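Commentary on secondary and tertiary structure
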Amino acid sequence: MNKQQQTDTLKHMLELIAQERNQAGESGTLRVSDYTCPAHLERELAVLFRDYPLLVAHASQLKEPGSFITFDTANIPLLVNRDRHGVLRAFINSCRHRGAKVTTEPCGSARAFKCPYHAWSYLDDGELKFVPDQEVFPDLELSEHGLVSLPVAEAAGFIWVSPGGSSFDIGASLGEVGEDLERFGLPEHVVRVSDIQRPACNWKLVIDAFSEGYHLKSLHKDSVEPFFLTHGTLFAQLGCHSRSVGARKGLLEARETPPSQWDFRAWTTPFYTIFPNTILVFHPDWVSRITVYPRGTDNCLVYHDMLVPSDADLSDTYWDKTFALINEQVFAAEDIAVCVNIQQAARSGADRNWITGGLETPVLWFHRACAEAIAAAG
């Protein structure tokens, strides 16, 4: 949102607050089997986690030549790096000899990768450079056995990869969301600290939890709820993505403040659901990047990065305290804990469908986007 859009959003929120209302949304239902069915998970893995660009890192994590990260998604091991010439690259992390990962380190710096199995060695541009006892492979052409490359792009402060090899236009994929992230200055942020959690729940339950604020008054009543107003929530569908904006209590200051001095970041908390598996939460002075990967119907991997402005004092203990509050209390002990709770009951047979109300509209949009993507893929 540009400055005028932010001002208009704040005005709309103030109108809703005066009327003691939130945006009127859409109600619907969610199929419980979508959280427990192995065949449905296989369809999600085959489409959502292969055919769509996934947010894999913040650009600051791959800023320096030689830097790399690795992780697995949809049964595809990925290696993403910036080579010695500064070119961003992505590969399937699999040696072309017998398939072993060429590195098992989660991140680091390297100008070459040597497979630990038989020591086939690759340059950081993916070229196969050395094969021990190459004479025993009389027909081997090194140039034909480099690491398998994947489409990769840098945009809006993040790195995006298509694990299944489908080409993509990240600008077109993000649309208005990409413009918002640029205006929020995300390319000028850095990762202060990261955490990985492994909850025993379906991956979509975590996306659901961070896509709506209906649970704020109950689940978060002893942590962050005191900072927010009950009314004024707005949300918008942006292609397959969505944006929600919650009203912080400071927004009431706008009634006595000229619009030219309004502070959108200080008075609201915007949430972005970035299809298919990332949530961005804009706290007043930092950003949570939450990306979720399935590890089975009842298990997932949740990455949480704390993004702070690049000019922030990283030695200030304030960052550790505020991250601990959000990550350990709000996310782990409240949001993710209730997701595990729900997963334990999902197989009980109590319901075939769960109900969503108007304040949970972005959850409904997310599930529709998943269903439409899978249907379109046949």
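Residues numbered from 1 in each chain as written. Predicted model: local features only at pLDDT ≥ 70, side-chain atom pairs only at ≥ 80, totals over all residues. Heavy atoms only, no water.

Some points on the pattern of salt bridges
- The tally for this structure, following the rule as stated, stands at 13 salt bridges.
- The closest approach of N and O atoms between D320 and R192, which form a salt bridge, is 3.1 Å. With a gap of 128 residues between them, D320 in helix α8 (residues 318–346) and R192 in strand β12 (residues 189–197) connect regions that are remote in the sequence.
- Linking K221 and D222 is a salt bridge whose minimum nitrogen-to-oxygen distance equals 3.9 Å.
- Its relative accessible area of 48% is what places K221 among the partly exposed residues.
- Accessibility expressed as a relative area gives 67% for D222, which makes it exposed.
- Residues joined in a network through salt bridges with shared partners are E176, D180 and R243. (Salt bridge = Lys/Arg side-chain N within 4 Å of Asp/Glu carboxyl O. Helix = DSSP H or I, 4+ residues; strand = E, 2+ residues; numbered from the N terminus. Buried < 20%, exposed > 50% of the residue type's maximum accessible area, 1.4 Å probe, protein only.)

Description of the sheet that holds strand β10 (residues 152–155)
- Across the sheet, which stays open at both edges, the 3 strands sit in the order β2-β11-β10 with antiparallel pairing between neighbours. Among the strands making up the open sheet, the edge pair consists of β2 (54–58) and β10. Adjacent strand axes in the sheet meet at a mean angle of 30 degrees when their direction is disregarded.
- Where β10 and strand β11 (residues 158–161) come together, 4 bridges link them in antiparallel fashion. (Pairing = 2+ DSSP bridges. Axes fitted to C-alpha atoms, helices over the stretch in contact; angles between N-to-C directions.)

With respect to the sheet that holds strand β8 (residues 121–123)
- Spatially, 3 strands are ordered β7-β8-β9 in an open sheet, and the strand pairing comes out antiparallel. Only two strands of the sheet have a single neighbouring strand rather than two, namely β7 (112–114) and β9 (128–130). Adjacent strand axes in the sheet meet at a mean angle of 35 degrees, parallel and antiparallel pairs treated alike.
- With 3 bridges joining them, β7 and β8 adopt antiparallel strand pairing. Residue A112 lies in a different strand from β8, and its bridge partner there is L123.

Considerations on the side chain of D124
- Structurally, the position occupied by D124 is in the loop between β8 and β9.
- Once residues lying within four places of it in the same chain are set aside, the contact partners of D124 are N81, D83, R84, R89, F91, A110, R111, A112 and F113. (Contact = heavy atoms within 4.5 Å.)

A look at empty space enclosed by the protein
- Per the counting criterion, the structure on display carries 1 cavity of 30 Å³ or more.
- Its boundaries defined by the atoms lining it, the largest cavity holds a volume of some 30 Å³.
- If you go around the largest cavity, the residues you meet are C240, H241, S242, T273, P362, W365 and F366.
- Taken together, the elements giving at least two residues each to the lining of the largest cavity come down to β14 (241–247) and α9 (361–376). (1 Å grid on protein atoms, 1.4 Å probe; cavity = no way out; pocket = protein on both sides within 12 Å on 5 of 7 lines; lining within 4 Å. Points joined across faces, edges and corners; volume = space filled by probe spheres on them.)

Things to note about the packing of aromatic side chains
- Under the criterion given, the structure shown has 17 aromatic pairs.
- Ring plane angle 80 degrees and centroid distance 5.3 Å describe the contact between Y52 and F275, whose orientation is recorded as edge-to-face. Taken as a pair, Y52 in the loop between α2 (38–47) and β2 and F275 in the loop between β15 (268–274) and β16 (278–282) lie far apart in primary sequence, 223 residues in all.
- With a centroid separation of 4.4 Å and an interplanar angle of 35 degrees, the aromatic rings of F184 and F282 are classed as tilted. Placement of the pair is F184 in the loop between α4 (176–183) and β12 and F282 in strand β16, with a sequence separation of 98 residues. With respect to burial, F184 and F282 carry one shared label: buried.
- Connected via pairs of aromatic rings, a cluster forms that spans F49, F71, W203, Y293, Y303 and F366.
- For the cation-ring pair, R248 lies above F228, with the distance from its terminal atom to the ring centre recorded as 5.0 Å. (Phe/Tyr/Trp six-rings, centres within 6.5 Å; stacked < 30°, edge-to-face > 60°. Lys NZ or Arg CZ within 6 Å of the ring centre and 35° of its normal.)

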